[in-house]
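# Structural characterization, general
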Amino acid sequence: MSAVIRRVIGYAGAIALLLIGWQAASWLIASPALPGPFVALSDLWRLRSELLSETGVSAWRVTASVLLGIAIGAPLGLALGRAPRADAVFAPIVFLSYPVPKVVFLPVLLVLLGIGDASKIALISLIVFFQVLVTARDAARAIPVASVLSVRSLGADRWQVFRHVVVPAALPEIFTALRISTGTAIAVLFFSESVAGSSGLGYYIIDAWGRVAYGEMFAGIIAMALLGVVLYEFIEALELRLCRWTRAGRT
Amino acid sequence: MTDVLIDSASVTYTGVERDVRALDSLDLALGAGEAVAIIGPSGCGKSTLLLAMAGLVGLSGGSIVIDGHGVTAARLRTALILQDFGLLPWKDALHNAALGLEIRHQPLVDRTRRATEALERVGLGEFLDSYPAELSGGMRQRLGLARALALDADLLLMDEPLSALDALTREDLQDLLLELWRQRGHTSVLVTHSIEEAVFLGRRIVVMTPRPGRVHAVVENPRMGEHGYRATEEFYARCAELRRFLADEGAVHGARVAAPPAVGAS
């Protein structure tokens, strides 16, 4: 329980510090493009219902994308990492396509899938997919032979080796990939929502910018930041639950 | 009970440049309930022999027959215990001990009971929910043993199981291994590079030749298992005899070993 309280106190302190810095910057720069936190927060409160529904739209897109990216990327990466023959075929394809910035496909996806949810989810899950795939593959390759041998000596078949060794061994690293790609996912979400469509926080922020409503723009930015923090915290809590053993022996 | 018949077993690993012959038509017969220690220079194929007996490495020639059945895959009541204990860091002691039973689809209640009993037997009854990282080296090896006991294994294959432990813990666990063998009467194969350990835990001691692995000599050790054997004259005599055999192989400070490099000023 005390860990939770410490976390809450940490967050409160960080928020206070950010608000003070923000206010100071706003006074220093003295430009209408950088209103202080009070203006932004009062706009946030005033427009809360509208912002909540836009946040809901964005949250759905990013959550669906992350889940889709993991659901395909993690099993495929683990399988490639454990199957040298399949890996020999697919690894070059992965290495060739991984460094290509996926955002450049947004125009293609917009044409193929329209300006609704589908194109945005496809783009973000593509990015998450590659990050999780590459990490999961490396993690699966790094699994100690002794772990596999000891489980196989107990009579485990391929599937049981996967379940008792490969998945749990790779899970902490998949979570790391997930944390990193969530940040990317939200950035790409903003980009794709601001380029096309008329819903979501990215659209809301760019729309407010166009109307020179800087207070509202910052209200949207705060909502987007909160969305990121909530997702991140959710992943943290899930890892704490699923990878308890990584904290064992560390006091 | 479980006897093991190894008949001109050969194992060849496919290497990058050329194939490596790890075992070369090795013959060995183990009676049911016998305790055998295998010793030899590193790279003599001791571990390969053990893995082949566990059904994890395929033979390129010959056969291994356990309890009347040829070994082709992992056998139900064979337990393999490795140097790093083969524990899974993400499972607590209870789940590690119960893993073999879980893989063999035993019901949850049954496997929890048997794993708990096994853990109590090796002195880990208080540590059911500890992860391996929270246990000391000796306790981890006890946990590895508990897994074998939970399976009710009748053939224990151990690959240098105690070599990572400090001297005192090692003696403690050697006593435990001996005690369990005396109580349960399982067939025991211990691969070790410690001469004392081989004499303490092997009624017969098999000395292997360097690669390709063959049986160089078999030393009878009839008083093994007697109380206080470790302190007797005969124990030391047996160790000396074994040391001579190994020196012939060039495995221990024999004439064929190059002189150590001169120690420089530090």
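Residues numbered from 1 in each chain as written. Chains lettered and ligands numbered in written order. Predicted model: local features only at pLDDT ≥ 70, side-chain atom pairs only at ≥ 80, totals over all residues.

### Topic: the interface of chain B and chain A
Facing the 18 residues of chain B at the interface are 16 residues of chain A. For the side of chain B that touches chain A, the element with the most residues is helix 2 (residues 93–103) of chain B, which contributes three residues. Broken down by class, the residue content of the side of chain B that touches chain A amounts to 13 nonpolar, two polar and three charged. (Contact = placed C-beta atoms within 7 Å. Helix = DSSP H or I, 4+ residues; strand = E, 2+ residues; numbered from the N terminus. Nonpolar A, V, L, I, M, F, W, Y, C, P; charged D, E, K, R; others polar.)

### Overview of the sheet that holds strand 2 (residues 20–30) of chain B
The strands that make up a sheet pair up through hydrogen bonds in the backbone, lying either parallel or antiparallel. All names here are of chain B. Read across the sheet, four strands follow the order 2-1-4-5 without closing on themselves; strand pairing throughout is antiparallel. Edge positions in the sheet fall to strand 2 and strand 5 (69–70), since each has one partner strand and no second. Note: strand 1 (residues 4–13) against strand 2, seven bridges, orientation antiparallel. Bridge assignment links A9 to a residue of strand 2, and that residue is L26. (Pairing = 2+ DSSP bridges.)

### Structural notes on the packing of helix 2 of chain B against helix 4 (residues 137–150) of chain B
Residues and elements named next belong to chain B. At their nearest, the axes of helix 2 and helix 4 sit 8 Å apart, and the two run at 35° to each other. Crossing hand, helix 2 versus helix 4: right-handed. Contact with helix 2, carried on its side by A93, N96, A97, A98, L99, G100 and L101, involves L143, A146, R147 and A150 of helix 4 and no other residues of that element. Grouping the amino acids of the contact of helix 2 with helix 4 by side-chain chemistry returns eight nonpolar, two polar and one charged. (Axes fitted to C-alpha atoms, helices over the stretch in contact; angles between N-to-C directions. Left-handed = near helix turned anticlockwise from the far one by under 90°.)

### Let's talk about the pairing of strand 3 (residues 35–39) of chain B
Residue and element names in this part refer to chain B. The element strand 3 is extensively covered by neighbouring structure, given that five of its five residues are classed as buried. Burial along strand 3 is two-sided: the residues A35, A37 and I39 and V36 and I38 are all buried. In terms of strand pairing, strand 3 meets strand 8 (residues 187–191) through four bridges, oriented parallel. Residue pairing for strand 8: A35 is matched across the bridge by S188. With four bridges connecting them, strand 3 and strand 9 (residues 204–208) associate as parallel partners. Bridged to I38 within strand 9 is V206. (Buried ≥ 20, exposed ≤ 12 C-beta atoms within 10 Å, placed from the backbone.)

### Structural notes on the sheet that holds strand 8 of chain B
Residues and elements named next belong to chain B. The sheet built from six strands is open, its strands ordered 6-7-8-3-9-10 with mixed pairing. At either margin of the open sheet sits one strand with a lone partner, and together these are strand 6 (78–81) and strand 10 (215–220). With direction set aside, neighbouring strand axes in the sheet form an average angle of 15°.

### Brief notes about helix 1 (residues 2–29) of chain A
All names here are of chain A. With 28 residues, helix 1 should reach 40 Å at 1.5 Å per residue; the first-to-last C-alpha distance of 40 Å fits that figure. Counting buried residues along helix 1, only zero of its 28 residues qualify, which leaves the element largely exposed. A30 sits one or two positions beyond helix 1 and adopts a positive phi of about 50°. (Expected span 1.5 Å × (residues − 1).)

### Some details on the domain arrangement of chain A
According to the domain assignment, chain A contains domain 1 (1–30) and domain 2 (35–247). If you average the C-alpha positions of domain 1 of chain A and of domain 2 of chain A, the two centres end up 26 Å apart. (Domains from an automatic or database assignment.)

### Examining the environment of R243(B)
When you line up the elements, R243(B) lands in helix 7 (residues 233–248). Note on R243(B): 15 C-beta atoms within 10 Å, which makes it partly exposed.

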